[in-house]
Amino acid sequence: MADPSSYRPKPGQIPDSPGVYKFRDEHRRVIYVGKAKNLRQRLANYFQDLAGLHPRTRTMVTTAASVEWTVVSTEVEALQLEYSWIKEFDPRFNVKYRDDKSYPYLAVTLNEEFPRVQVMRGAKKKGVRYFGPYGHAWAIRETVDLMLRVFPVRTCSAGVFKNATRTGRPCLLGYIGKCSAPCVGRVTPEEHRELADDFCDFMAGRTGTYIRRLEKDMMQAAEEMEYERAARLRDDAEALKRAMEKSAVVLADATDADLIAVAEDELEAAVQIFHVRGGRVRGQRGWVTDKVEAVDTAGLVEHALQQLYGEEAGDSVPKEVLVPALPEHPEAVSQWLADRRGSQVSLRIPQRGDKKDLMVTVQRNAQQALGLHKTKRASDLTTRSRALEEIAEALGLDTAPLRVECFDISHLQGDDVVASMVVFEDGLARKSEYRRFQIKGFEGQDDVRSMHEVIGRRFKRYLQEKERTGEWEETPAATGPVPAPTSLAPGVLAPGLPTPGVPVPGQLVPGVPAPGQPVPGVPVPGVPAPGQPVPGGPAPAGQGVPTAPADAPADTREEPREDDGRPKRFAYPPQLVVVDGGQPQVAAAKRALDELGIDDIAVCGLAKRLEEVWLPDDDDPVVLPRSSEGLYLLQRIRDEAHRFAITYQRAKRAKRIRSSPLDDVTGLGETRKQALIKHFGSVKKLRQATIDEICEVPGIGRRTAESVAVALATAAPAAPAVNTATGEIMEEDDGGSTS
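Parameters and conventions
Numbering of residues begins from 1 in every chain and follows the order in which that chain's sequence is written. The predicted nature of this model means local features are confined to residues of pLDDT at least 70 and side-chain atom pairs, given and counted, to a pLDDT of 80 or more, with totals for whole chains, interfaces and linings taken over all residues. The side-chain numbers reported here are obtained from all heavy atoms of the structure, hydrogens and water having been left aside. Each patch is built from residues lacking any salt bridge and having more than 30% relative accessible area; the joining distance is 9 Å for like charges and 5 Å for nonpolar side chains (Val, Leu, Ile, Met, Phe, Trp, Tyr). Accessibility throughout is a Shrake-Rupley quantity obtained with a 1.4 Å probe, and a residue counts as covered only by protein chains that appear here. The term salt bridge refers to a pairing of a side-chain nitrogen on Lys or Arg with a carboxyl oxygen on Asp or Glu at a separation within 4 Å. Every helix listed is a DSSP run of H or I at least four residues long, and every strand listed is a run of E at least two residues long, numbered separately from the N terminus. By nonpolar core is meant a set of buried Ala, Val, Leu, Ile, Met, Phe, Trp, Tyr and Cys residues that side-chain atoms within 4.5 Å join together. Think of it in three bands: with a 1.4 Å probe and only protein chains considered, a residue is buried below 20% of the maximum accessible area for its type, exposed above 50%, and partly exposed in between. Note on definitions: a residue-residue contact is assigned when non-hydrogen atoms from the two residues lie within 4.5 Å. Expected span of a helix, by definition, is 1.5 Å for each gap between consecutive residues, and there is one gap fewer than residues. Side-chain rings of Phe, Tyr and Trp, where Trp is taken by its six-membered ring, are said to pair if the distance between their centres is within 6.5 Å; with planes under 30 degrees apart they count as stacked, over 60 as edge-to-face, and otherwise as tilted. Whether a charge sits over a ring depends on NZ of Lys or CZ of Arg being within 6 Å of the ring centre and within 35 degrees of the ring normal. Strands are treated as partners if at least two bridges between them are detected by DSSP. Every axis in this analysis is a line fitted to C-alpha atoms, fitted for helices over the stretch in contact. Angles between the N-to-C directions lie between 0 and 180 degrees.

Looking at a nonpolar patch on the surface
In step 1: A grouping of Leu172, Tyr175 and Ile176 is seen on the molecular surface, where their side chains present a nonpolar patch of about 360 Å² in accessible area.
In step 2: Residue position: leucine 172 is located in helix 6 (residues 172–175).

As structure tokens, then:
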């Protein structure tokens, strides 16, 4: 690792004029190219204290061994030279968009004597007119097939063309009227080139002229009673209209513009471009890049513009380029685009109307492209194996963490605090193992305390599973498999234990009811009957198997088991626990494991701001390379935990808003709740009904009716509705509902 001060130029040596600079490593390879309006000010930013640099910039300057620069006259020249050097040297620390040559184009080879229409990929050739790019080659072939009825241009290869010329017989398309057969002299080279020019004009957006001409010829043929010719012209016009329908009208003013959108995260960015010609989307393309340099959205846009138009000229550069953020020097970029086009180019951010709406669509495509890229990258077996090995090496683990669990806390200003647990096995999501938690040990917003509670509850269940399956090895000094509760703060006990005056916390997972007081005599799913053994509970007199009271916390009840005897949940320990957060959250998770006596599970945290990995008892984070597959996997696991937590939190908040007193009645499902409301008309009338009247509802027994009556009697009636216009109190109508 080089010391930047060892190759730092003296301040007087660096000019204060525009220019382009490049950093080289010890082997003289160019590793980064940049441009600046003022070289002295820009280069000084790289040689400040390393602690103040962005991690990606810090890695670059410590990898470099020298810096060079070239002075230019204007910012436009600097932009052009920067693009040329990036193409020439391919620096490892510059943003590089991948897959930029993989999209198919509709090409017309105007540089040949008999121009040919074909699908082309790769670098563009001189003298060839390109349209697109398209998402799929079949989309081009469908369009060409429709247009060959009207513009029968040659589509055959050079070998087929020469063979037809030698034999004097055209190919099949020549016989069915989809080729003018210049190979056998049916048309002259001039006539065939005119057809090719008309084809290009139509594809460039000048469609109305040809359709109106066909319709005019059709009407004239009909007047002259040449009905077969009129029918053929009608079909030709319909074919052109169908070809136009394949590119939807998005801008009513026949605009020629390119719309560029960017979707990014801390590690990668996706760029999507829509090419609009004549108000219609004529092509679409997209790129993905690793953010190997410290770059914001404006920088990504500038790199995209350089790669998109760096080798274009003329009409290939549109009159208008719409972007989500302007580059650092928009005037210089606009001038560079204008020089390549040969006329003025408008570079701006759409503010309103159809163009802004279309930009939203392009942005949505960019988000989907980034998500698809992440999914494809994560599904590769070799990549996953390398990611797990990198994580093990960075965290000092003996083996790769084949099972990783990640926890995240979610709330809305301290209300509806929930947590999520997601599981990744062998680098892939194991959604059947996902779990959700509701924080009830305290009120308010405290992510650190919430993380401690959730980790404690999850691994307390794991210890109970070990004890039940006989895997627990009790040490002579221990009094039980689970250590005694340790006070976390004054008046706060360890997670999962009842606190005086506070409702007992319960584990909220699919299939397990929320904790609450059971109705006497009514069995509660998941709660064993009195006398049944429950791990962790006090043993009744004369019995060696411990049991728990019926109103014990959900975390202490026996978990349902599969038919083959395997535990359903919480039975398998992870090799690595990841928490969403920094040093405080990691310390809380580690403390929860220590209180339970668990010391064989690694813990780390991933902080969002700089994607730093934190370990317990370490004052400095572990910084993984930005291109590391291990960091990518950790980020994906963290983002999945965040998604799962916030989805549950929103659903819980929505359910609370739509809550009803009938929701607290044990054993009363949605169907029977709707039957009660339908029978009585409203909750108010149901509250006034007697138990005998409630029993008249089909499916409602005496015990359920008593539970409904008790629940409605103890629940406070809803506040009366008020007419905001008149101020009068409105009586609840007969059509009231539980919502």
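Having put the structure on the table, let's press on.
Re the nonpolar core
In step 1: Core analysis: the largest hydrophobic core is formed by 27 residues, its most contacted members being Phe407, Val454, Ile455, Phe459, Val577 and Ile598.
In step 2: If one sorts the elements of this core by residue count, helix 14 (residues 447–468) sits on top with 6 residues.
In step 3: Beyond its immediate stretch of four places on either side in the chain, isoleucine 598 contacts Phe459, Tyr462, Leu463 and Leu593.

Some thoughts on helix 10 (residues 297–309)
In step 1: Over its 13 residues, helix 10 extends 18 Å from the first C-alpha to the last, a length consistent with the 18 Å expected when each residue adds 1.5 Å.
In step 2: Counting buried positions along helix 10 gives 11 out of 13 residues, so the element sits mostly inside the fold.
In step 3: Among all positions in helix 10, only Ala298, Gly299, Leu300, Val301, Glu302, His303, Ala304, Leu305, Gln306, Leu308 and Tyr309 are buried.

Looking at the packing of aromatic side chains
Within a pair of aromatic rings, the relevant descriptors are the distance that separates the centres and the angle that separates the planes.
In step 1: By the definition in use, this model includes 14 aromatic pairs.
In step 2: Relative to phenylalanine 199, the ring of phenylalanine 151 lies with its centre 6.3 Å away and its plane at 85°, an arrangement referred to as edge-to-face. Of this pair, phenylalanine 151 sits in the loop between helix 4 (137–147) and helix 5 (158–167) while phenylalanine 199 sits in helix 7 (residues 189–203); the two residues are 48 residues apart in sequence, bridging distant segments of the chain.
In step 3: On the basis of relative accessible area, phenylalanine 151 is assigned to the buried category, the value being 1%.
In step 4: Taken together through their ring pairs, the aromatic side chains of Tyr7, Tyr21, Phe23, Tyr32, Tyr46 and Phe47 make up a single cluster.
In step 5: The ring of phenylalanine 161 has arginine 154 sitting right over it, with the charged end atom 4.7 Å from the ring centre.
In step 6: Across from the ring centre of phenylalanine 459, 4.7 Å away, lies the NZ or CZ of arginine 458, which sits over that ring.

A few points about the pairing of strand 8 (residues 268–277)
In step 1: Within strand 8, 10 of the 10 residues are buried, which leaves the element mostly enclosed by the surrounding structure.
In step 2: Neither face of strand 8 is exposed, since Glu268, Ala270, Gln272, Phe274 and Val276 on one face and Ala269, Val271, Ile273, His275 and Arg277 on the opposite face are all buried.
In step 3: Note: strand 7 (residues 257–264) against strand 8, 8 bridges, orientation antiparallel. Considered in strand 8, the bridge of alanine 263 is made with alanine 270.
In step 4: As consecutive antiparallel partners, strand 7 and strand 8 are separated by 3 residues.
In step 5: Judged from the 10 bridges that link them, strand 8 and strand 9 (residues 280–290) form a sheet pairing that is antiparallel. Note that in strand 9 the partner of phenylalanine 274 across the bridge is glutamine 284.

Details of the sheet that holds strand 4 (residues 105–108)
In step 1: With antiparallel pairing, the 3 strands of this open sheet are ordered in space as 5-4-6. Looking at strand neighbours, the two that pair on one side only are strand 5 (117–120) and strand 6 (129–131), the edges of this open sheet. The average undirected angle you get between the axes of adjacent strands in this sheet is 35°.
In step 2: As paired elements, strand 4 and strand 6 share 3 bridges and run antiparallel to each other. Among the inter-strand pairings, valine 108 is bridged to a residue of strand 6, identified as arginine 129.
In step 3: The strands that helix 7 touches are strand 4, strand 5 and strand 6; relative to strand 4, the one it contacts most, it runs at about 150°.

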